[in-house]
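Working through the structure, step by step
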Amino acid sequence: MKVITVKNYHEISIKAAQLVADQITNKKNSVLGLATGQTPIGMYQELINMFKRGEIDFSDVITFNLDEYYGLSPAHPQSYHYFMWDTFFQYINIKKENIHLLNGVTENIDGECQHYEYLIQKNGGIDLQILGIGDNGHLGFNEPAIGLHSKTHLVNLSEETIRANSQYFNNIQEVPKQALTMGIGTIIKAQKIILLASGRKKSHVIERTINGPVSTEVPATVLQLHNNVTVLIDEEAATKI
Ligand code: PGA
């Protein structure tokens, strides 16, 4: 894994946006895997700035989001569908038909997951996957477990994740208990992966991700097995490595 340590969150955002822009410059119809959460927000803002300056063209870009809460409709303000439009898609020239998000209110879970895998393959696979990381080492919503699912699937969220994400809801009872997520296999099939982490509270899990044994207890450690991973972190997240 290539580890790039920059000074602070702002620099992570600038560098990550630059890496995404380079990808799109090299391949106009790149397939991007996208993440939600606090961490990539600055990167999305910087990509919007680059778009406004005419430095980047999303007209042929195709996206697949990592995950979605199960039970939240696309219109729900805490859905990842809503987050992506609110934070990013509405400001750029991406085509609506090129955006893919899992349907959190599907009545056919298996069909939805299989179709998502099919669409990723049909579009040639993911060229560049952006990832955040949970404090517990989850990627997407692949939570620490005895075994990890390879493909897109329905997952029960861990108590830690429900607690961490309750900050976005009125109370902890409102946090969905399940989610649809790309599997670990879906993620590591991406050609290139960039993992973003900022702040001291991520320093422990970053240390385990980079130096720890590969273990399903820290799903992010599987990234050690991939041959093109960039871990882009700030000085605070790097304090334990
Ligand atoms: P965060 O979430 O970017 O809000 O820290 C990351 C994650 O849980 O995957």
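The structure under discussion appears in the preceding block.
In what follows, the accompanying structure is described.

Reading the values: rules and limits
- Residues numbered from 1 in each chain as written.
- Predicted model: local features only at pLDDT ≥ 70, side-chain atom pairs only at ≥ 80, totals over all residues.
- Heavy atoms only, no water.
- Buried < 20%, exposed > 50% of the residue type's maximum accessible area, 1.4 Å probe, protein only.
- Helix = DSSP H or I, 4+ residues; strand = E, 2+ residues; numbered from the N terminus.
- Arc of directions from axis to C-beta.
- Contact = heavy atoms within 4.5 Å.
- Near = heavy atom within 4 Å.
- Polar contact = N/O pair within 3.5 Å; in protein donor to acceptor, adjacent residues only side chain to side chain.
- Areas by Shrake-Rupley, 256 points an atom, 1.4 Å probe, with all protein chains shown as cover.
- Nonpolar A, V, L, I, M, F, W, Y, C, P; charged D, E, K, R; others polar.
- Salt bridge = Lys/Arg side-chain N within 4 Å of Asp/Glu carboxyl O.
- Phe/Tyr/Trp six-rings, centres within 6.5 Å; stacked < 30°, edge-to-face > 60°.
- Pairing = 2+ DSSP bridges.
- Axes fitted to C-alpha atoms, helices over the stretch in contact; angles between N-to-C directions.

For helix 7 (residues 203-211), the complete set of buried residues consists of S203, V205, I206, T209 and I210. Buried residues along helix 7 cover an arc of 160° about the axis, so they all sit on one side. Buried residues along helix 7 sit in contact with strand 1 (2-6), strand 9 (192-197) and strand 10 (229-234).

What follows deals with the site of the ligand. In the region of the ligand, the neighbouring residues are G37, Q38, T39, G132, I133, G134, H138, Y168 and K202. A distance of 2.4 Å is found between an oxygen atom of the ligand and a side-chain nitrogen or oxygen belonging to T39. For the ligand, the accessible surface in isolation is 280 Å², of which the surrounding protein chains cover 79%. Of the residues contributing to the shell around the ligand, the split by class is two nonpolar, six polar and one charged.

Counted by the stated rule, this structure contains eight salt bridges. In this structure, D57 and K28 form a salt bridge, with 2.9 Å as the shortest nitrogen-oxygen distance. Within this pair, whereas D57 is found in the loop between helix 2 (41-52) and strand 3 (62-65), its partner K28 is found in the loop between helix 1 (9-26) and strand 2 (31-34), the two being separated by 29 residues in sequence. D57 sits in the partly exposed class, given a relative accessible area of 30%. Residue K28 pairs with D60 through a salt bridge whose shortest N-O separation is 3.2 Å. Residue K28 is found in the loop between helix 1 and strand 2, and its partner D60 is found in the loop between helix 2 and strand 3; the two are separated by 32 residues along the sequence. For K28, a relative accessible area of 42% corresponds to the partly exposed category. For D60, a relative accessible area of 29% puts it in the partly exposed group. One connected set of salt bridges, linked through shared partners, spans K28, D57, D60 and K95.

Another aspect to go through is the packing of aromatic side chains. Applying the stated criterion across every chain, the model contains 10 aromatic pairs. For the pair F64 and Y116, a centre-to-centre distance of 5.5 Å together with 80° between the ring planes defines the contact as edge-to-face. Placement of F64 in strand 3 and of Y116 in helix 4 (residues 109-122) is noted, with a sequence separation of 52 residues between them. Pairing F88 with F89 gives two aromatic rings, centres 5.7 Å apart and planes at 35°, and the pair type is tilted. Accessibility assignment for this pair places F88 and F89 in one class, buried. Among the aromatic side chains, those forming a connected cluster through ring pairs are Y44, F51, F58, W85, F88 and F89.

Time to look at helix 3 (residues 80-87). All buried positions along helix 3 are accounted for by Y80, F83, M84 and T87. For helix 3, the buried positions fall inside an angular range of 95° around the axis, keeping them on one side.

Moving on, we get to the sheet that holds strand 10. Spatially, seven strands are ordered 1-10-9-6-2-3-5 in an open sheet, and the strand pairing comes out parallel. The two strands at the open ends of the sheet, each matched to only one other strand, are strand 1 and strand 5 (99-100). Here strand 6 (residues 128-131) runs beside strand 9; their pairing, made up of four bridges, is parallel. By the bridge assignment for strand 9, L131 is matched with L195. The strands touched by helix 4 are strand 3 and strand 5; relative to strand 3, the strand with the most contacts, the crossing angle is about 150°.

Just geometry here; none of it tells us what the structure is for.
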